[in-house]
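Here are the chains, one letter per residue:
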Amino acid sequence: MKKGLILLNNKVEDVEAIATQALLRRAGFKIDSFTLETTKEIKTAYNQKLTVDYLYDEIKDKNYDFLILPGGGHVFNWLENSNIDNLVKKYYNDNKLIAAICAAPLFLNKVELLKNRDFTAFPDVVSNIKGNFIKDAKVVNDNNIITARSAGVVYDFVYEIIKEIGNETVLNELKKSIVY
């Protein structure tokens, strides 16, 4: 089964982070978390305390099949961080799936991955993104980059990730297990 890596920092949006990770694990994927913070203990946007699996420096030599970037206030705290820029570019250059939701497409925009691509994102941040914003889309999949609008579409986001890296059987089993 494929392995994914999810970014969890202080002020990450709870549903986008926790539900995405939980649903993908429920579907049978190995999902590890990492942080750009200096400690593995973080607090989400709604003050849930979480322990992240790895600090950024600990993931450098690890191999994952896809990268998940949840949104929330943490995006604005880390937008000028070269470590996240380098990681996003590495996944893109290695032709690996990158999935970003809500404000997290700003990370992709910063390294110009959305230029000349269709995307969606949280409406308040789209004016800062160079690309083709699909206003009414919940989720957009454009050539190995998945973007999603907000916490309200987390299930659609996860389903699109599974369709891209898994298969319809895995997706249907997940839907059945959660009585979708």
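Let me sum up the structure you'll find in this document. Residue numbers run consecutively from 1 along every chain, following the written order of its sequence. This being a predicted model, a pLDDT of at least 70 is required before a residue's local features are given, and a value of 80 or more before pairs of side-chain atoms are given or counted; all residues contribute to the totals for chains, interfaces and linings. To get the side-chain values, take all heavy atoms of the structure and skip hydrogens and water.

## With respect to the overall build of the chain
Applied cut-off: Helix numbering and strand numbering both begin at the N terminus, where a helix is a DSSP run of H or I of at least 4 residues and a strand a DSSP run of E of at least 2. It is over C-alpha atoms that the radius of gyration is taken, and the globule rule equals 2.2 Å times the number of residues to the power 0.38. The contact criterion used throughout is that any non-hydrogen atoms of two residues lie within 4.5 Å. Note on areas: Shrake-Rupley, 1.4 Å probe, and residue coverage restricted to the protein chains presented here. We treat Lys and Arg as the positive residues and Asp and Glu as the negative residues; His and chain ends play no part in the count. Lys charges are placed at NZ, Arg charges at CZ, Asp charges at CG and Glu charges at CD.
Assigned secondary structure in the chain consists of 6 helices and 11 strands. Relative to the 2.2 N^0.38 estimate, which gives 16 Å for 180 residues, the radius of gyration of the chain is 15 Å and therefore close to what a compact globule would have. Taken along its principal axes, the extent of the C-alpha atoms in the chain is 40 × 35 × 35 Å. Long-range pairs, those at least 24 residues apart, make up 63% of the contacts in the chain between residues at least 6 apart in sequence. Total accessible area on the chain is roughly 8,700 Å²; 44% of this is exposed by carbon and sulfur atoms. Charged side chains of the chain number 24 positive and 24 negative; the gap between the two group centres comes to 1 Å.

## Observations regarding the packing of aromatic side chains
Quick note on the threshold: The pairing test for Phe, Tyr and Trp rings, Trp by its six-membered ring, is centres within 6.5 Å, and the orientation test on the planes gives stacked under 30 degrees, edge-to-face over 60, and tilted for anything in between. Using a 1.4 Å probe on the protein chains alone, a residue whose accessible area is under 20% of its type maximum counts as buried, one over 50% counts as exposed, and one in between counts as partly exposed. Ring-over charges, as used throughout, are those where CZ of Arg or NZ of Lys falls within 6 Å of the ring centre and within 35 degrees of the ring normal.
Under the definition given, this model contains 5 aromatic pairs. Aromatic pair Phe29 and Phe66: ring centres 6.2 Å apart, planes at 90°, arrangement edge-to-face. With Phe29 in the loop between α1 (14-26) and β2 (30-35) and Phe66 in strand β6 (residues 66-69), this pair connects stretches of sequence that are 37 residues apart. Considered together, Phe29 and Phe66 belong to a single accessibility category, that of buried residues. Among the aromatic residues, those joined into a cluster by ring pairs are Tyr155, Tyr159 and Tyr180. Sitting over the face of the ring of Tyr64, Lys3 holds its NZ or CZ atom 5.3 Å from the ring centroid. Taking the ring centre of Tyr159 as reference, the NZ or CZ of Lys175 above it sits at 4.9 Å.

## Here we look at the sheet that holds β2
We apply this condition: Pairing between two strands requires that DSSP report at least two bridges joining them. For helices, the fitted axis covers only the stretch in contact; all axes are lines through C-alpha atoms, and the angles between them, taken along N-to-C directions, range from 0 to 180 degrees.
Spatially, 7 strands are ordered β5-β2-β1-β6-β7-β11-β10 in an open sheet, and the strand pairing comes out mixed. The open sheet has two free edges, formed respectively by β5 (54-55) and β10 (139-141), since each of these has just one partner strand. Inspection of the sheet shows β6 paired to strand β7 (residues 97-101) by 4 bridges, in the parallel sense. Considered in β7, the bridge of Phe66 is made with Leu97. Here helix α5 (residues 154-165) sits on the sheet in contact with β6, β7, β10 and β11 (145-148), set at roughly 175° to β7.

## What to know about the packing of α5 against helix α6 (residues 168-177)
Convention followed: Angles below 35 degrees are treated as roughly parallel, those above 145 as roughly antiparallel, those between 65 and 115 as roughly perpendicular, and all remaining angles as oblique. Here is the rule for handedness: rotate from the far helix to the near one, and if that takes an anticlockwise turn smaller than a right angle the crossing is left-handed, while a clockwise turn gives right-handed. Residues are grouped as follows: nonpolar covers Ala, Val, Leu, Ile, Met, Phe, Trp, Tyr, Cys and Pro; charged covers Asp, Glu, Lys and Arg; every other residue, Gly included, is treated as polar.
Running from amino to carboxyl end, α5 crosses α6 at an angle of 150°, the nearest separation of the two axes being 8 Å. Judged by the angle between their axes, α5 and α6 are roughly antiparallel. Crossing geometry of α5 relative to α6 is assigned as right-handed. For the pair α5 and α6, the contacting residues are Val158, Tyr159, Ile162 and Lys163 in the first and Glu168, Val170, Leu171, Leu174 and Lys175 in the second. When grouped by side-chain class, the residues that make up the contact of α5 with α6 number 6 nonpolar, no polar and 3 charged.

## What to know about the pattern of salt bridges
As a reminder, the rule being used: Salt bridges are counted wherever a side-chain nitrogen of Lys or Arg sits within 4 Å of a carboxyl oxygen of Asp or Glu.
Using the criterion set out here, one finds 8 salt bridges in the structure. When the shortest N-O distance is used, the salt bridge between Asp85 and Lys110 registers 2.5 Å. In this pair, Asp85 is assigned in helix α3 (residues 82-93) and Lys110 in helix α4 (residues 105-110), connecting sequence segments 25 residues apart. In this structure, the salt-bridge partner of Glu160 is Lys163, at a minimum N-O distance of 3.4 Å. Here Lys163 and Glu160 lie together in helix α5, a separation of 3 residues that amounts to about one turn. When its relative accessible area of 18% is taken as the criterion, Glu160 is described as buried.

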